[in-house]
Amino acid sequence: MNEDLRNIVLGVMATGISASLGWVARNALWRRKLRRKQAFFGLPGHAECVLVVNREAGSEGAVHRFDVFALLELAALIKDCGAHARIVQHDIAQQGFGERTEFCLGGPYSNKRMAAHLRTLLPGLKVNLDVEPGPERGAFEIGSERYRMEPGVREYVVLARLTAGEGARPVFLFCGQRAITNQAATRYLVRHHEKLARKHGDGSFVLLLKVVSSQSYGPDVVELVADVTRDAQASAPVVRTSQRAAG
């Protein structure tokens, strides 16, 4: 009887030790993943970041509903990092580059700060700002390529992470041809940030994404077209129409 009792006690102790070790290992793994996530987004615990929002075309201060959805996805990501977000309208956002992590949302036609970022940081990326409907409206010019959109069928968005040097907080740009593409880019970042961190580390990158059949699939079907970091950060040469973009 004593032998049986001793075996039971030893078994319970072994189970408890194994469970404790498993909890410690899972907790350490979770903390390591959290630190990597915080480092990639420049969001250590209790840090403050800014969400720079644009305005819906033709409105006074209103934000397009797809941009609101994008802000909600970013807010959840920021909360996971243990950081705090402050929402700022694009035309009153006046802070230096790299002071705080910044998420800037919307094209240069509706977001003045985005327009300033493109001029300063991505001179090789040009956006057609025509307000009249036409095939060139909203088209991207990156390097020697032109990317036209076909609303609801084929649309493009630039997702960028830019830094001003070691220790500086990153600026994330979501510059799309339509509001739904901004949400698609934020969702892509949320889903693929671990892969992007492994590939790019704490450095800058500029990715061109294609949103496929948004009229049917919303912001969910996104394809990576190319890493355009080098072309977007350089002065753009003479532009020709891209066969890849037209396909």
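Scroll up to find the structure.
First things first, this report covers the structure right here in the doc. (Residues numbered from 1 in each chain as written. Predicted model: local features only at pLDDT ≥ 70, side-chain atom pairs only at ≥ 80, totals over all residues. Heavy atoms only, no water.)

**Overview of the sheet that holds strand S7 (residues 154-162)**
So, point 1. Pairing is mixed in the open sheet, where seven strands are placed in the order S2-S1-S3-S8-S7-S9-S10. In this open sheet, the two edge strands, each paired with only one partner strand, are strand S2 (84-89) and strand S10 (222-227). Between one strand and the next, the sheet's axes are offset by a mean angle of 20°, whatever the strand orientation.
So, point 2. With three bridges connecting them, strand S1 (residues 48-53) and strand S3 (residues 102-105) associate as parallel partners. Bridging across to S3, valine 52 finds its partner in cysteine 104. (Pairing = 2+ DSSP bridges. Helix = DSSP H or I, 4+ residues; strand = E, 2+ residues; numbered from the N terminus. Axes fitted to C-alpha atoms, helices over the stretch in contact; angles between N-to-C directions.)

**Section: the side chain of asparagine 54**
So, point 1. One can find asparagine 54 in the loop between S1 and helix H2 (65-80).
So, point 2. When its relative accessible area of 3% is taken as the criterion, asparagine 54 is described as buried.
So, point 3. Looking at asparagine 54, its side chain comes within polar contact range of the side chain of aspartate 67, at 3.4 Å.
So, point 4. A polar side-chain atom of asparagine 54 sits 3.0 Å from a polar atom in the side chain of serine 110. (Buried < 20%, exposed > 50% of the residue type's maximum accessible area, 1.4 Å probe, protein only. Polar contact = N/O pair within 3.5 Å; in protein donor to acceptor, adjacent residues only side chain to side chain.)

**A few points about the nonpolar core**
One broad rule of soluble globular proteins: the nonpolar side chains tend to lie buried together.
So, point 1. Phe41, Leu43, Phe103, Phe174 and Leu189 are the most contacted members of the largest nonpolar core, which totals 29 residues.
So, point 2. Sorting the residues of this core by element identifies helix H1 (2-41), S1, H2, S3, S7, strand S8 (171-176), helix H4 (179-200) and strand S9 (205-212) as the ones contributing at least two each.
So, point 3. With residues near it in sequence (within four places) discarded, leucine 43 still touches Gln38, Cys49, Ile78, Cys81, Ala83, Thr101 and Phe103.
So, point 4. If you look at the next biggest cluster of nonpolar residues, it comprises 24 residues, including Leu125, Ala160, Leu208 and Ala226. (Core = buried A, V, L, I, M, F, W, Y, C linked by side-chain atoms within 4.5 Å. Contact = heavy atoms within 4.5 Å.)

**Here's the deal with the pairing of S9**
So, point 1. Among the eight residues that make up S9, eight are buried, leaving the element largely enclosed by the rest of the structure.
So, point 2. Here S9 shows two buried faces, one formed by Phe205, Leu207, Leu209 and Val211 and the other by Val206, Leu208, Lys210 and Val212.
So, point 3. Looking at chain direction, S7 and S9 are connected through eight bridges and run antiparallel. For arginine 154, the partnering residue across the bridge sits in S9 and is valine 212.
So, point 4. Sheet topology places S9 next to S10; five bridges connect them, and they run antiparallel. Bridge pairing in S10 places valine 211 opposite valine 222.

**Remarks on H4**
Side chains three or four residues apart in an α-helix point the same way, a direct result of the helix having 3.6 residues per turn.
So, point 1. An ideal rise of 1.5 Å per residue puts 32 Å on 22 residues; H4 reaches only 26 Å between its terminal C-alpha atoms.
So, point 2. Along its length, H4 reaches its greatest deviation from straightness, about 70°, at histidine 192.
So, point 3. Glycine 201 occupies a position one or two residues after H4 and carries a positive phi of about 60°. (Expected span 1.5 Å × (residues − 1). Bend = angle between axes of the 7 residues up to and from the residue.)

**Comments concerning the packing of aromatic side chains**
So, point 1. Taken as a whole and judged by the stated rule, the model has eight aromatic pairs.
So, point 2. Ring centres 6.3 Å apart and planes at 10° place the aromatic pair phenylalanine 40 and phenylalanine 205 in the stacked group. Here phenylalanine 205 lies in strand S9 and phenylalanine 40 lies in helix H1, a separation of 165 residues in the sequence.
So, point 3. Taking the relative accessible area as the measure of exposure, phenylalanine 40 reaches 1% and is therefore buried.
So, point 4. A relative accessible area of 0% places phenylalanine 205 in the buried class.
So, point 5. With a centroid separation of 5.2 Å and 10° between ring planes, the pair formed by phenylalanine 103 and phenylalanine 172 is classed as stacked. Within this pair, whereas phenylalanine 103 is found in strand S3, its partner phenylalanine 172 is found in strand S8, the two being separated by 69 residues in sequence.
So, point 6. The buried category is assigned to phenylalanine 103, whose relative accessible area is 1%. (Phe/Tyr/Trp six-rings, centres within 6.5 Å; stacked < 30°, edge-to-face > 60°.)

Fair warning: the whole summary comes from geometry, so function is off the table for now.
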